Each structure stands twice: as structure tokens, then as C-alpha cells.
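As a plain string of letters, each chain reads:
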Amino acid sequence: MFTIEKSSVSQGPLRLRRVTPPPPVQFSTSQSREKLSGNQSSGNTCTPGLTLTWRDLSVYAKIKKESLFKSSSTEYRKIINNVSGAVPPGTLVALMGASGAGKSTLMAALAYQTTAAMVVDGDIRVNGRPLGPYMRNISGFMDQQDLFIDSFTVTEYLRFMARLKLDRRTSVERREFIIIQLLKILGLTHCSDARIGTPGSDKTVLSGGERKRLSFATACLTDPLLLFCDEPTTGLDSYSAATIVTALQGMAAAGKTVVCTIHQPGSELFTMFQQVILVADGRIAYIGTSSGALDFFQSLGYSCPEAYNPADYMIHTLAPTPGSEISSRRAVRHICDQFAVTDHAREVDLQISFQHQMGAAFDEILDTNLKSYKKPLGIWKLWWLTSRCLLEVLRDPKLQQIRIMQKIVIAVMVGLCFVGSLHLTQSGVQATQGALFMLVTENTFGPMYAALNQFPAELPLFLRHYRSGLYSPLVYYLAKTIAIIPGLVVEPVIFTGILYWLVGLQDTVYAFLMTSFIVTLCINVSTACGCFFSATFQSVPMAMAYLVPFDYSIMITSGVFIKLNTLSPLVNWVQYISWMMYSNEAMTIIQWQNIQNITCDEDRPQLPCLHSGQEVLDRYSFSADNLWRDIYALCILFSAFHILAYFGLLRRIKHSL
């Protein structure tokens, strides 16, 4: 086969020659720390590595401009400007540049991790194959921002991610072995059973460095052929940073392709990288070895002082100088233009062309790796995600306990207000309807507003997992829905059980069970409505701005404040989406069916008198024949709101990715 190799001279050209490749070594997370340090045994074999190339690559950021008098327009700002490059297998690359140079954007484009706000134009290939969704199966990505399931311990989180990432045929023993080795290699064994916690809260357990190493361990679970790390050493002490870069060295030595953005590395850390890509103002200022970079800068008159960190010097040279931005940008353009005509740039073009020409042969390597991977089944993903959501509730039960205590206290307070007032009299009719209305309202507004934070809080973590192809939005939504149902059964049953007997409603088992069932349906429908607004709108304040008017409309049409058959045709339709009306009508039917002996106020015979339960139903425009219609309607509304919430979540995903 053909291969491209570097000359021993730092700035020497790449030579194309026919060679017989030696048996490459296999990097595995199950290997020892010595393996990660680059000491490899001779007996391991693996498939050849992957070469990442890009040509004429530009990345644009979408900028929406809002106007009071004109419709919003979209403009595009170029962040990466027509760059080309190549990273061969077995290479550890440092992607460096000043803040705002575009290094993170470039790496996101190369890793197939761009969002909907980015437009990528150009040719990116892996072993000659154009970039595509297959990257999720062969690459790992360590994001700059650490996002975790905070209620999990370190080991639990790695187990959860391993189940989602690893081949479904991986045995439990093998999975545990991989996790244990990663904990040892990255120095996380001492905190393996510690809760991850939330940064900035009193419950924070892991330090910033430990969180960064955990993020790196997550990216390495699948032993990816391509690994991208966005500033993996930022915020770490020198020992932790060296631990991660040493692990990266070991992966590169085993034939993996590793690309890292890195911000101001120490001189010792800088020498650990085999190649450097310098980005300045969206352009490539240099690609090659670190020593070659110093020689290139020196040839342009930028000599690094002996006692100066080379990385800091090059980044400082390429950074715009405050107060002299124009001259700084002119100097940066000169450096980029000079690099474009050097042997380094021509060698990169040669390597890109070679990869394109040999793409068909190299494509077999990708096909072999992709066909050998079997994704976990969707039903198991649903099980793991549901278990995760339930575990989060169990690990932090205070909120659920507070909600249950709140239900108990409110039920007792309301019940005491109605004690002794429910008789078969005219005043008793009003008291009964008031008690039923309290059952409906208490299980409508509180749960609905509590659900508004259901998705905004977890959306960043979900989007990261979704971009990585770990699970679908449907599996995620179903898991969230299933996990909250137990609480939405316990709460209404407790509330109804206390209030029902304390007030003195119909003392039959049938009436109590049906009332509890309807109240349970009511709270589930209201929570589904809250999920819809939570998934549809970008923030809780925005969701509340639309939810409050909707609440008033369903409350007014509940049948308590106005007779339903007197509603204006303009708003009459609202009652058919009011679960408060369906719940109120169903419970009214249960309480007043077969009641025939309501007494009238003899002292005030001029007042209207309701003699039977049927007359009570007629007063509110209710019908005894609508009981099961109301129950079916509640079930339909429950399903409809969740379906709308799911499509709202899909819309959020589309605008966020």
C-alpha cells in the first residue's frame, strides 16, 4: 500500500512511498497506565487508523436581526475562512489560537458537532469518505462544558454512559473492567462512589479537575478511532493536565487520531503534542510539528525568547493587540499568507489529494468498524433512561416529600373549612360543589406550573447526548413521562383520601374510588399540559406568559362560574379542551346521581330550590350520561398534550442543533 510519512527534519517534506505496514497496536481502555503512556506490547493487533482531512472549509454563523418595523432577517458571519488540513493516524494534535480565533468552531465542524446556528461549507473526509452521521460510531467528543447527571455517583454515571455507548453484545464483566481501568488511569478511584453534584451548590462533591477527568473518561469509553477534545486541560492543575495529555499520547501511540483545542499550555505540556495547528482570525497560520512552528515564525522575523513559553509566544503573536487591531490583523494575514506558499502547505495538499484518490481502499476500514458495531436496542435505552429518572427522584426525595406534605396540609385545611357543611340542603349543594372544585383546582394549577421546568433544566445534557446518537427524542420523552407517573398517582390519592372523608362526600366505596380516579386523571392531564408549554417555549417566563391566559380560559369554562349553555359561541369551544370541566362534571355526576331528597329553605320559599341530583346537574348544564365521555375525554387530552409536547420538543431540537 501507499503511505505518507514525515521526514526526520522538522520542516522536511512528506514522502510518498510504497511500504508494507507493520501490525498496528490496539489501544484499549482496559490496558494499564503504561499502555496509555505509550509503552505498548508487541502482540496486539488492530485495524489501521483513520486520517482526517479537510479542504476549502468555511464555517458561517447565522445571526438573526430583529426589527420592530421589519421582519427578522438572517445574516451570516464567516468564522472559519477557507482552510485546509490533514491529521494522520497516530498523531496527537494541538489546535491552538487566541480567544475568538475560531479553533473551537473548526474542531466542532471536523467532529460533526455543529449546531443549527452554523453553516459548514467545504469538504471534510475521514479516510476519503465525506463526513456524515457515521462519525457518532467511530469518534469521541469531549465538550468544553462539563454536563453530567448530578445525582449519580461517578461509577453510576460511567455505567449509564457505557450501556448507551458500547456495543450491545458487550458483557457486563467487560463493561465493568473498562470502567475500573478508566477510573484507575485517570485517578478517579478515590471518588468512584461520590456524588457528582452541581457546580456552585452546597451539594457539589467533585472538584473541577475531577469533573474534567470524568468527562474525558466518558469520551474514552468506546476507545474511539477519532477523539476530539475541546480544551481538556482548562482549569486543571499541572498534574491533572499532564494525566489527561499522557492518556491522549497513549491513544495516539496506539494509532488513534486525536485532536485537541488547548488554551495556553505550559511549555512541558506543549512538547507532548506531536503536531500543532495554529488558527488566527479564522485562517490556518501553521500546520506541522511544534519545532517546525518555531522555525517558521523565526523565518518571518518572530523569534521566541529562550526563557519564553513557545505556545504563549505564538498565541500572543497571532492575537490582536488592543489599540492596534488593524496592524495586528495585517500582521496575522501576512503570516497566514506566507504559510499558504510554504512546503508545509503543499505537503498538506498532497496528503489531502492522496486521501481522496485512495478513498475507496481506505473506505473498507470504515465499513469494517461500522458493520461490527451493534447499537443497544431502543427498549433497553428506554429502561435505562426511565431508571435514571426514577433514581434522580429517589436520590433527592426532599422535593417529592415537600409536595406530599403540601398536599396533606392543604387537604386538612380545606377539609376543616367544609366540615359539617355538606347536607342535602340548598347550602349543602353549594358546599359540595365548592369541595369538588377544590379537588380539581389543587390538582391542576400547582402540578401544571411545577412541570414548566421539566425540560429547560435538562435540555443541554439531552442535546449533547442526542448529537452523539445515544438515544432518540422519543425514548427520552417517554422515559421522562413514565418516571413522573408514580408521583402523579400518589399525590392525588393522598389528597383525595384526606379531603374526601374529612368533608363528608358520598360515603360509598364506588364514589370514593371513582373520585380518586378522576382526580388522578386531572393531575396527569394538567401535568401533560405543563410539559407541553415546557417543551415548546424556550424559557419558563416565556411559557408562563402564554400559560396564564390559557389557565383562565379553562377555569372559566369549568362549569362553576357560568352555566355552560349560556357561553358565547365565540368561546363555547373552549369547554371541550377544559379538563377542569370534564373533571368537575364527572365528579358532580358521581356525587349527585340517584339523589332525590334535597330539602328546600322553608324560611325563604321565594328562592329557587333544587329537589334532586338531576336538577343540580341541570343547573350546571351537566348530564348524567356524560360520565364515561368525560373520562375518555380526559384520557384523550392526556395523550394529546403529551403528543404536542413531544412535537414541541422536536421543534426545540431542530432550532438548537
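Treat the numbers as computed from the prediction; the structure is a model and nothing was measured.

This part is about the overall build of the protein chain. Along the backbone of the protein chain there are 24 helices and 12 strands. In the protein chain, which comprises 657 residues, the share counted as buried stands at 50%. When contacts within the protein chain are restricted to residue pairs at least 6 apart in sequence, those whose partners lie at least 24 apart make up 75%. In the structure as shown, the protein chain presents an accessible area of about 30,200 Å², 58% of it carried by carbon and sulfur atoms.

What follows deals with the packing of helix α18 (residues 459-467) against helix α24 (residues 627-656). Between α18 and α24, whose axes approach to 11 Å, the crossing angle comes to 70 degrees. For the element pair α18 / α24, the angle class is roughly perpendicular. Contacts between α18 and α24 involve L459, F462, L463 and Y466 on the former and, on the latter, L649, R652, I653 and S656. In terms of residue class, the contact of α18 with α24 is built from six nonpolar, one polar and one charged.

A surface patch of nonpolar side chains, amounting to about 590 Å² of accessible area, comprises M544, V548, Y552, I556, V560, F561 and I562. Its place among the elements puts I562 in the loop between α21 (540-556) and α22 (579-592). A residue is classified by how much of its surface remains accessible, and I562, at 31% relative accessible area, is partly exposed.

Using the criterion set out here, one finds 15 salt bridges in the structure. Connected via shared salt-bridge partners are R388, E392, E458 and K480.

The next thing to look at is helix α2 (residues 103-110). Burial runs high along α2: seven of the eight residues are buried. Three or more residues of α2 are buried, namely K103, T105, L106, M107, A108, A109 and L110. Two residues or fewer after α2 comes Y112, characterised by a positive phi angle close to 65 degrees.

So, about the sheet that holds strand β10 (residues 257-261). Reading across the sheet, the six strands line up as β8-β9-β10-β5-β11-β12 and stay open at both edges, with mixed pairing between neighbours. If you trace the sheet from one side to the other, it starts and ends with β8 (139-142) and β12 (283-288), each paired once. Recorded for the sheet is a direction-independent mean angle of 15 degrees between the axes of neighbouring strands. Two elements, strand β11 (residues 275-280) and β12, share five bridges in a ladder whose sense is antiparallel. Its bridge partner lying in β12, V279 is registered against I284.

Glancing now at unusual backbone geometry. One non-glycine residue with positive phi stands out, namely N82, at about 55 degrees. With respect to the helices and strands, N82 occurs in strand β4 (residues 73-87). Phi is positive for D281, which is not a glycine, with a value near 55 degrees. Structurally, D281 can be placed in the loop between β11 and β12. Taking the relative accessible area as the measure of exposure, D281 reaches 41% and is therefore partly exposed.

Below, the discussion takes up the pairing of strand β5 (residues 91-96). Judged by how many residues are buried, β5 sits mostly within the fold: six of six residues are covered. Alternating residues of β5 divide into T91, V93 and L95 and L92, A94 and M96, and every residue in both groups is buried. Pairing of β5 with β10 involves five bridges; the strand directions are parallel. Bridge pairing in β10 places T91 opposite T257. Here four bridges tie β5 to β11, and the two strands are oriented parallel to one another. Residue A94 lies in a different strand from β11, and its bridge partner there is V276.

A few words now on the environment of M514. Position of M514 relative to the elements: it lies in helix α20 (residues 509-536). M514 sits in the buried class, given a relative accessible area of 10%. Ignoring any residue separated from it by four or fewer positions in sequence, one finds M514 in contact with I590, L627 and I631.

The next point concerns the packing of aromatic side chains. Each aromatic ring pair is described using two quantities: the centre-to-centre distance and the angle formed by the ring planes. Scanning all chains against the criterion turns up 30 aromatic pairs. When the ring of F537 is compared with that of Y546, the centres are 4.7 Å apart and the planes differ by 15 degrees; the resulting orientation is stacked. An aromatic cluster is built from F455, F462, Y466, Y471, Y476, Y477, Y646 and F647, whose rings are joined through pairwise contacts. Over the aromatic face of F495 sits the side chain of K407, whose NZ or CZ is 5.6 Å from the ring centroid.

Bringing the environment of S612 into the picture now. Here S612 is to be found in the loop between α22 and α23 (613-619). Through-space distance from the C-alpha of S612 to that of I595 is 5.5 Å; in sequence the pair is 17 residues apart. Ignoring anything within four residues of it in the chain, the contact list for S612 reads I595, Q596 and I598.

Counting across every chain of the model gives one disulfide. Shown here is the disulfide that connects C600 with C609, its sulfur atoms set 1.4 Å apart. Taking the sign of the S-S torsion, -75 degrees for the link of C600 and C609, the bridge is left-handed. For C600, a relative accessible area of 33% puts it in the partly exposed group. Here C260 stays unpaired: no disulfide links it, and the sulfur of C229, its closest cysteine neighbor, is 4.3 Å away.

Taking burial as the measure, the six residues of β11 include six buried ones, the bulk of the element. What you see with β11 is no split at all: Q275, I277 and V279 on one side and V276, L278 and A280 on the other are buried throughout.

Across its 31 residues, helix α19 (residues 473-503) extends 44 Å between first and last C-alpha, which sits within 8% of the 45 Å expected from 1.5 Å per residue. Of all the bends in α19, the largest measures some 25 degrees and sits at I485, one to four residues before the proline P486. Positive phi appears at G504, one or two residues downstream of α19, with a value of about 100 degrees.

Per-residue pLDDT for the protein chain has a mean of 83; in total, 87% of the residues score no lower than 70. Element-level pLDDT for the protein chain is lowest in strand β2 (residues 15-18), with a mean of 34, against a maximum mean of 95 in α20. For the stretch residues 1-47, pLDDT sits under 50, and the model shows 106 contacts to residues farther than four places along the chain or on other chains.

Okay, the nonpolar core next. Membership of the largest hydrophobic core comes to 185 residues, with the highest contact counts inside it found for W54, M96, L106, F216 and W579. A per-element tally of this core places α20 first, with 14 residues.

Let's shift gears to the packing of helix α16 (residues 426-442) against α19. Orientation of α16 relative to α19, taken along the N-to-C sense of each, is 170 degrees, at an axis distance of 11 Å. The angle between α16 and α19 falls in the class roughly antiparallel. In this structure, α16 contributes A435, M438, L439 and E442 to the contact, and α19 contributes F495, T496, L499 and V503. Looking at side-chain class alone, the contact of α16 with α19 contains six nonpolar, one polar and one charged residues.

Calculation notes
- Numbering of residues begins from 1 in every chain and follows the order in which that chain's sequence is written.
- For this predicted model, a pLDDT threshold of at least 70 governs which residues receive local features, and a threshold of 80 or more governs which side-chain atom pairs are given and counted, while totals over whole chains, interfaces and linings are taken from all residues.
- As a rule here, side-chain values cover all heavy atoms of the structure and leave hydrogens and water aside.
- Here a helix means four or more residues in a row that DSSP labels H or I, a strand means two or more in a row labelled E, and each is numbered from the N terminus.
- Under the scheme applied here, a residue whose accessible area is under 20% of the maximum for its type counts as buried, over 50% as exposed, and between as partly exposed, the area being computed with a 1.4 Å probe on protein chains only.
- Residue contacts are defined here by distance: any two heavy atoms, one from each residue, within 4.5 Å place the two residues in contact.
- In short, Shrake-Rupley with a 1.4 Å probe defines the accessible areas, and a residue's cover is counted only from the protein chains shown.
- Whenever a helix is involved, its axis is fitted only over the stretch in contact; in every case the axis is a line through C-alpha atoms, and angles between N-to-C directions fall within 0 to 180 degrees.
- Angle categories: roughly parallel below 35 degrees, roughly antiparallel above 145, roughly perpendicular from 65 to 115, and oblique for all the rest.
- Only Asp, Glu, Lys and Arg are considered charged, only Ala, Val, Leu, Ile, Met, Phe, Trp, Tyr, Cys and Pro nonpolar, and every remaining residue, Gly among them, polar.
- Patches were defined on residues exceeding 30% relative accessible area and lacking a salt bridge, with like-charge contacts within 9 Å and nonpolar side-chain contacts (Val, Leu, Ile, Met, Phe, Trp, Tyr) within 5 Å.
- Each reported salt bridge corresponds to a side-chain nitrogen of Lys or Arg within 4 Å of a carboxyl oxygen of Asp or Glu.
- Strands were regarded as paired on the criterion that DSSP finds at least two bridges between them.
- Classification of ring pairs rests on two measures: the distance between centres of Phe, Tyr or Trp rings, Trp counted by its six-membered ring, which must be within 6.5 Å, and the angle between planes, read as stacked under 30 degrees, edge-to-face over 60 and tilted in between.
- Two conditions define a charge sitting above a ring: the NZ of Lys or the CZ of Arg must be within 6 Å of the ring centre, and it must be within 35 degrees of the ring normal.
- Cysteine sulfurs are considered disulfide-paired once they come within 2.5 Å of each other.
- Multiplying 1.5 Å by the residue count of a helix minus one yields the expected span of that helix.
- Think of it this way: the bend at a residue is just the angle between two axes, each fitted to seven residues, one set ending at that residue and the other starting at it.
- Note: pLDDT gives the predictor's confidence per residue, expressed from 0 to 100.
- Note on terminology: a nonpolar core comprises buried Ala, Val, Leu, Ile, Met, Phe, Trp, Tyr and Cys residues joined through side-chain atoms within 4.5 Å.

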